[in-house]
Amino acid sequence: MQARALKVEGAVEFTPRVFPDDRGIFVSPFQETAFVEALGHPLFPVAQTNHSRSRKGVVRGAHFTLTPPGIAKYVYCARGKTIDFVVDIRVGSPTFGQFDQVLLDQEAFRAVYLPVGVAHAFAALADDTVVSYMLSDGYVEAHEKAVNVLDPALNLPLPTGVERVLSDRDRSAPTIEEARRLGLLPDYAQCQKLESELFAAPRGRE
């Protein structure tokens with residue numbers, strides 16, 4: 001498995017080796033040895049896994065979790081194809097306001113690690129696109145927020161030539177500047193502290 005640091009500080013892309021044969025393929029989208037080599041510690045204790053299925057044109061995000069508590073994520077595409085965006089909304093981060101993008105699909109099975117406090121979005125490029133997540137904490141509706149994926153200040157290169165399908169929640173989300181004025185955006189130093197505590201947590205949350 002190969003690892004590549006993304007433009008957003010702390011985010012990493014992982015590309016596993018895919019083993020095809022006459023039966024199909026075998027692949028390991030997460031490998032802890034490679035994760036430790038790239039980040040210096042094992043993956044967070046997994047508290048929840050999520051699975052979404054989207055038709056072509058669906059855009060989800062840019063979602064983040066209030067910090068604290070904050071959530072780290074490990075994401076890959078199990079079926080279909082999507083452009084995945086990591087957006088740095090951590091106030092005080094050296095890469096604040098920047099983003100990076102990764103093509104996630106059922107051919108290369110790339111995965112993305114998203115550190116605590118960053119926002120996540122993706123645009124489905126094919127019908128029945130399945131995105132799978134491992135999360136460091138469980139879903140709490142009151143903690144889940146979004147910045148507008150269409151915000152010109154973010155300037156995300158969303159696909160063109162196809163009808164964009166967004167939820168009402170995502171379409172009406174505040175811009176990054178509005179979210180900052182409302183005090184919703186995570187603080188970078190606090191995110192760093194929470195993430196170090198997260199990786200110091202016992203395996204299995206005992």
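Residues numbered from 1 in each chain as written. Predicted model: local features only at pLDDT ≥ 70, side-chain atom pairs only at ≥ 80, totals over all residues. Heavy atoms only, no water.

*Asks:* Describe in detail the overall build of the chain, supporting the description with residues and values.
*Replies:* Counting secondary structure elements, the chain contains four helices and 13 strands. The globule rule puts the C-alpha radius of gyration for 206 residues at 17 Å, and the 16 Å found for the chain is close to it. With the C-alpha coordinates of the chain rotated into their principal frame, the extents come out at 55 × 45 × 30 Å. Here the chain, with 206 residues, has 46% of them falling under the buried criterion. Within the chain, contacts between residues separated by at least 24 positions form 80% of all contacts whose residues are at least 6 apart in sequence. Only carbon and sulfur atoms are counted for the fraction: they give 49% of the accessible area of the chain, which is about 10200 Å². In the chain, which carries 22 positive and 26 negative side-chain charges, the distance between the mean positions of the two groups comes to 3 Å. (Helix = DSSP H or I, 4+ residues; strand = E, 2+ residues; numbered from the N terminus. Rg over C-alpha atoms; globule rule 2.2 N^0.38 Å. Buried < 20%, exposed > 50% of the residue type's maximum accessible area, 1.4 Å probe, protein only. Contact = heavy atoms within 4.5 Å. Areas by Shrake-Rupley, 256 points an atom, 1.4 Å probe, with all protein chains shown as cover. Lys, Arg positive; Asp, Glu negative; His and termini not counted. Charge placed at Lys NZ, Arg CZ, Asp CG, Glu CD.)

*Asks:* Any details on the packing of aromatic side chains? Residues and values, ideally.
*Replies:* Tallied over the entire structure, the rule returns eight aromatic pairs. Measuring from ring centre to ring centre gives 5.3 Å for Phe-35 and Tyr-113, while their planes differ by 90°; the resulting arrangement is edge-to-face. Taken together, the positions of Phe-35 in helix α1 (residues 32-39) and Tyr-113 in strand β10 (residues 111-114) put the pair 78 residues apart, joining distant regions of the chain. An aromatic cluster of at least three residues, connected via ring pairs, comprises Phe-14, Phe-30, Phe-35, Tyr-74, Tyr-113 and Phe-199. (Phe/Tyr/Trp six-rings, centres within 6.5 Å; stacked < 30°, edge-to-face > 60°.)

*Asks:* Quick one: what's the story with the sheet that holds strand β2 (residues 12-15), residue by residue and with numbers?
*Replies:* Taken in spatial order, the six strands make up an open sheet running β1-β2-β10-β7-β12-β5, and their pairing is antiparallel. Unpaired on one side and paired on the other, β1 (2-5) and β5 (48-54) mark the two borders of the sheet. Averaged over all pairs of adjacent strands, the angle between strand axes in this sheet comes to 20°, irrespective of strand direction. Looking at chain direction, β2 and β10 are connected through three bridges and run antiparallel. In the strand pairing of β10, Val-12 is matched with Tyr-113. On the sheet, α1 packs against β1, β2, β7 (73-79) and β10 and is oriented at approximately 145° with respect to β2. (Pairing = 2+ DSSP bridges. Axes fitted to C-alpha atoms, helices over the stretch in contact; angles between N-to-C directions.)

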